[in-house]
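Understanding the architecture of this molecule
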Amino acid sequence: MPLDPTMPKAAAPSDLETLATTTGKGPLLSTKQARYTPPKGLDARALAGDLLAQFDRFSAEAGHDPFANPVMLLALDISRRLQAGELSPGALEQLIHYLSSEGFLARAARLSNYLGEAGLDTNAARLEGLLETAAAGNGGPALSFEEFQKLVQKEVFGIVITAHPTFNLSGAMMTALTCLATGYDATGRKLTAEAREALIRRVAASDHAPEEMSLTREHELSLDAIANIQLAIRTLYRAVLRVGRRTYPDRWTELTPRLLTVASWVGYDLDGRSDIRWSDTLHKRLVVQQRQLNHYLVMLRDIRGRVPALEDLRHTLALIESRLALALNQVTDEIAAFGGSEAQDVEHLRRIAKRMHEGLPLRLVDAGEAIGFVDRAIRLAASVEGDDAIPVVEDLAVLRAELSAFGLGMAHTHVRLNSTQVHNAIRKAVGLETAADDPRYRQSYLNSLTELLDKVQPVSINFGSIIAERTSAKRLFMVVAQMLKYSDARVPIRFLIAESESAFTVLSALYFARLFGVDDRVDISPLFETEKALEVGSRVIEQLLENPHYRDYVKKRGRLCVQMGYSDAGRYLGQTPAAASIERLRLRIMRLFNRHALSGVQLVIFDTHGESIGRGGHPASLTNRLAYVSPPATLAFAAKHGVDFKQEVSFQGGDGYLYFVTPAGALAVVTRILEYMIGTAKPDLEHDVFYAEGDYIREFFTTVKAFQVSLVEDPNYGELLAAFGTNLLFPSGSRAIKRQHDSAPDASAQTMAGQFRAIPHNAILLQLGLAANVLSGVGEAIDRNPDQFRRLYATSPRFRELIGMVVYGVGVSNADALKAYVDTLDPGHWLTRAARTENVAEAEEMRRIAAVLEDTPTHQRLIRIFRKLYRDYGVLLQNLERAGAAPAANPDLDRHLSLLHGVRLALTHQIYKHAIHIPEFSSQHNITNQVLVTRLLHLDVPWALEQLARIFPARADATVDEGFGEVATYVSDESQDYSQENQHIFKPIASLYELIRRTGNAMSQRIGFFG
């Protein structure tokens, strides 16, 4: 298993040649797609080469002049060319699209390396080989049928699909990317050379901006991904059954394989969202059920067309089919009822609810009924002599396995809210007047909860109860109860609680679960993600286990579920300290299982992490990613101490769905997971010195964590994140991106890093050129004992794996770019340029920009935090080089990212020059010209344009003067036509801003993930 990150590589030469050929034929973006008319005869590839050569010259000069910044010099050169008419915005638009296309191909190459083997037949054979080796005992005694059955019917891993906002490509472009990466199309056919070339040409001619994303669209994309995951899992089931038939020919039909599960919280995650109504959640759960029932029917009808001529068998299958068809019709009607605008009409809901209740006795809500029929069909088909019936038996066994694993939905259901919502719901019942973990009252609150649990009796509810309920937590438990009542009574629901830091939170949820009668089918899972939660998490679990109600609950459920958040932990602690803290917490929780005699209880750890290095997605390979969150040492500890363990991980948003948008990608992921979890893909780390160097490791990561905490608490760091904020990027999901500036920056305005959610936090840092939440503090930590670092890096695979995140972060970082963005907000920068500009009008523009910037303390704050980050970054680079850990030279990546930064800076400077020409206007709604221009200098363009459209309408409103009998020729100053300002100032700003965001998207492709 490779332990060092594979840096993003250029695309295959043949792919680049196809792109170059396409470029040579004219503009990539058509006139319909482009904002600007492309210059005649433009060769975007040649323009890129020219600018890269210029950057190389500036880089060479910087080698002799320590104060020269090649990224800023390139931006200034592009600005000069624009001013002189040597370059046009249309040329830059085509250049950006060319670089985005090239980055897209490089990302496909990276994804191909990341997934590993993608051949459908090859991976199916690998799964069979893996299972044959397991049945043979992995070098030990061969497994008995019962041992093999136990192995394959256990849940060892769970894939969780989430809707995090990382949708930076349209659905069609996501599919194209994965097709290029795997070499297979969306139907599973191998791409021919001609088909690959055609696909690349289509990519080059397509718009790379993301599609507008709604929750409904996210849900559609998630179901498409889940359908491919199910297809891959069916391949796994067939591998189990075929190995079983060869190894245990008399009993293979008894196997109901499980191994992997798939879950989703798309549409059910209410943490930080108020735009998802309870009817939306129920509607989306019904859609999940509809698609699965339809899948079962398609499978059954195919099987019925091939079954042996046995009347009992045909009759049995007909019974299952009719039952599923009736259920599908019911669900389809209800989807229409809960999905439209009528879903908010109480009378409409009364009619639907009454119909559902009256039909409940005949409703299919438990897959067990269908499983019983399929069992009978298997026995009947297996009784037929000869091999002709084997394919039918296998198909029926796969159907049984799916019914058993998925129930009546495509995926298991995860709902989520946060601890504050739970506390608000229980507040009155326990007299909660302070924080739940307030040491003065903590025990009394827990005692009050225990008393409530002593006497709680289940209550009955209906849909009217949900409508009337005002607290989010109780309403969500009611929705869960209705899901279990009307959708699937057999498959449990996970109830995730974000920001959990006390036992009180989980016990409160347990109380509501019992109150609404669902505690036997709901797994309550606290999420440990904050610095405090990672420290106290094991004590929270121990407190819970000491509570008789919770202890009985987990024993009856047969599982104890916890969630750990790499994303938010990485935001607050730094990614590598977060990973080390989470690993320690995992081991502490595992030790509790023996201490509290939890035999028969499975430990389920769900790690929420994403695809980026800032969110815990290891960049080297999928195998490294699995080892990063589920270290081999942890798995070995669980096995040694008899802890029944299941690992779950999230695949988040558009970046996460990429793996699953084609059958080949999905099967590659499933194969890598099984190779890691039950195969030999993971290294033997029993003697890894990482675990023997506890003192050094604690000191190392404590140093990094201290640095990261100091960043989060530093208002200057918050100012860095807010300087341009998410304005550099397209919206990337259904959750609206909050503006980072509610007013013009001033001395009293302080934005703190904690105000940013994890994904925009990551994305902003990557776009500015320095992945601070992965890198910062590591230089200081290494510098405390460089020799020890070098020894540990050389001898410890686990330590190299953790540091691999840092190495990749260095590879996609550019401190010169960060300095250039900081300097762009420096009034001195503009004054210096003005003093050296011969054009009088241009010099005056620059002085006016400097004057606006002078009135804010932004640059003073930014330069302070830059110096703090840059010092540590320099120490990090030096020590990585000495340890032989520096990333491999990748001039293609470095130069292209630098070129994109230079282009974006030049475009930003053009917006500045337009912004200071906005006419003066009277103050309106606390908006002044100074405020509006200042926000434009921070690229808050959508908001500014919205205000400008209101203040300076392009057309005068003449309708007021009409119909009064006499003609008026007077035109008020307030209603004059501002078409000139719109044409020459506002529209150019809008067009330039579109190019800025497209540049950000091109960077994401080069880096390999969004945020």
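Residues numbered from 1 in each chain as written. Predicted model: local features only at pLDDT ≥ 70, side-chain atom pairs only at ≥ 80, totals over all residues. Heavy atoms only, no water.

It is worth spelling out the overall build of the protein at this point. The helix and strand inventory of the protein stands at 42 helices and 8 strands. Here the C-alpha atoms of the protein give a radius of gyration of 30 Å, agreeing with the 30 Å that 2.2 N^0.38 yields for 1011 residues. Across its three principal axes, the protein shows a C-alpha extent of roughly 95 × 85 × 70 Å. Expressed as a percentage of its 1011 residues, the buried residues of the protein come to 62%. Pairs at least 24 residues apart make up 83% of the contacts formed inside the protein by residues separated by at least 6 positions. As displayed, the protein has an accessible area near 38,200 Å², and 50% of this comes from carbon and sulfur atoms. Between the mean site of the 110 positive side-chain charges and the mean site of the 119 negative ones, the protein shows a separation of 3 Å. (Helix = DSSP H or I, 4+ residues; strand = E, 2+ residues; numbered from the N terminus. Rg over C-alpha atoms; globule rule 2.2 N^0.38 Å. Buried < 20%, exposed > 50% of the residue type's maximum accessible area, 1.4 Å probe, protein only. Contact = heavy atoms within 4.5 Å. Areas by Shrake-Rupley, 256 points an atom, 1.4 Å probe, with all protein chains shown as cover. Lys, Arg positive; Asp, Glu negative; His and termini not counted. Charge placed at Lys NZ, Arg CZ, Asp CG, Glu CD.)

Attention shifts here to the packing of helix α11 (residues 311-339) against helix α12 (residues 346-358). At their nearest, the axes of α11 and α12 sit 10 Å apart, and the two run at 160 degrees to each other. On the basis of the axis angle, α11 is roughly antiparallel to α12. Note on packing geometry: the crossing formed by α11 with α12 is left-handed. Note on element contacts: α12 touches α11 through H348, L349, I352, R355 and M356, opposite D333, E334, A337 and F338. Of the residues assigned to the contact of α11 with α12, the class counts are 5 nonpolar, 1 polar and 3 charged. (Axes fitted to C-alpha atoms, helices over the stretch in contact; angles between N-to-C directions. Parallel < 35°, antiparallel > 145°, perpendicular 65-115°, else oblique. Left-handed = near helix turned anticlockwise from the far one by under 90°. Nonpolar A, V, L, I, M, F, W, Y, C, P; charged D, E, K, R; others polar.)

A separate point is the confidence of the model for the protein. Summarising the model, the protein shows a mean pLDDT of 92, and 95% of its residues fall at 70 or more. A low-confidence stretch, residues 739-748 stays under pLDDT 50, and its non-local contacts, those more than four residues away or across chains, total 29 contacts. (pLDDT = per-residue confidence, 0-100.)

Once that is clear, we can look at helix α6 (residues 145-152). Within the span of α6, buried status applies to F145, F148, Q149 and V152. One face of α6 carries all of its buried residues, which in axial projection span an arc of 100 degrees. Tucked into the core, α6 has its buried residues touching α5 (120-135), α9 (215-247) and β2 (259-264). (Arc of directions from axis to C-beta.)

Looking now at the pairing of strand β1 (residues 155-162). Taking burial as the measure, the 8 residues of β1 include 8 buried ones, the bulk of the element. As judged from the 6 bridges shared by β1 and β2, these two strands associate in the parallel manner. In the strand pairing of β2, G158 is matched with T261. As defined by bridge partners, β1 adjoins strand β8 (residues 645-652) across 6 bridges and the pair is classed as parallel. Paired with I161 across the strands is F651, a residue of β8. (Pairing = 2+ DSSP bridges.)

Next up on the list: the packing of aromatic side chains. Summed over all chains, the structure comprises 35 aromatic pairs. A centroid spacing of 5.6 Å and a plane angle of 70 degrees characterise the contact between F789 and F799, whose relative ring orientation is edge-to-face. Remark: F799 occurs in helix α34 (residues 797-811) and F789 occurs in helix α33 (residues 786-795); sequence separation between them is 10 residues. Of the two residues, F789 and F799, neither departs from the other in class, the shared state being buried. Taken together, F690, Y691, Y696, F700, F701, F789, Y793 and F799 form an aromatic cluster joined through their ring pairs. The ring centre of W943 lies 3.5 Å from the NZ or CZ of R935, which sits over that ring. (Phe/Tyr/Trp six-rings, centres within 6.5 Å; stacked < 30°, edge-to-face > 60°. Lys NZ or Arg CZ within 6 Å of the ring centre and 35° of its normal.)

Before going further, it helps to examine the sheet that holds strand β6 (residues 559-565). The sheet built from 8 strands closes into a barrel, its strands ordered β1-β2-β3-β4-β5-β6-β7-β8 with parallel pairing. Taking the axes of each pair of neighbouring strands and ignoring which way they run, one obtains an average angle of 25 degrees across the sheet. Packed onto the sheet, helix α21 (residues 548-557) meets β5 (522-528) and β6 and runs at close to 115 degrees relative to β5.

A separate point is the environment of G777. Relative to the helices and strands, G777 resides in the loop between α31 (772-775) and α32 (778-784). For G777, a relative accessible area of 0% translates into the label buried. Sequence-wise, G777 and G85 are 692 residues apart; in three dimensions their C-alpha atoms are separated by 45 Å. For G777, the contacting residues outside a window of four places in its chain are V704, F707 and D872.

Of note in the backbone geometry, L259 takes a positive phi value of approximately 60 degrees without being a glycine. Turning to its location among the elements, L259 is positioned in strand β2. Overall, L259 belongs to the buried group, its relative accessible area being 0%.

If you walk through the whole model with that rule in mind, you get 67 salt bridges. As a salt-bridge pair, R350 and E347 come within 2.4 Å of each other at their nearest N and O atoms. Pair noted here: R350 and E347 are both in helix α12, with a separation of 3 residues, about one helical turn. Accessibility expressed as a relative area gives 43% for E347, which makes it partly exposed. Three or more residues are tied together by salt bridges with common partners; here these are E155, R258, R494, D523, R557, R559, K646 and E648. (Salt bridge = Lys/Arg side-chain N within 4 Å of Asp/Glu carboxyl O.)

Attention now moves to empty space enclosed by the protein. Applying the stated criterion across every chain yields a total of 8 cavities of 30 Å³ or more. Estimated volume of the largest cavity: approximately 110 Å³. Forming the boundary of the largest cavity are R107, R110, L111, Y114, L177, E611, D655, L658, Y659, G1008 and F1009. No other element matches the 4 residues that helix α4 (residues 89-115) contributes to the lining of the largest cavity. Tallied by class, residues from the lining of the largest cavity come to 6 nonpolar, 1 polar and 4 charged. (1 Å grid on protein atoms, 1.4 Å probe; cavity = no way out; pocket = protein on both sides within 12 Å on 5 of 7 lines; lining within 4 Å. Points joined across faces, edges and corners; volume = space filled by probe spheres on them.)

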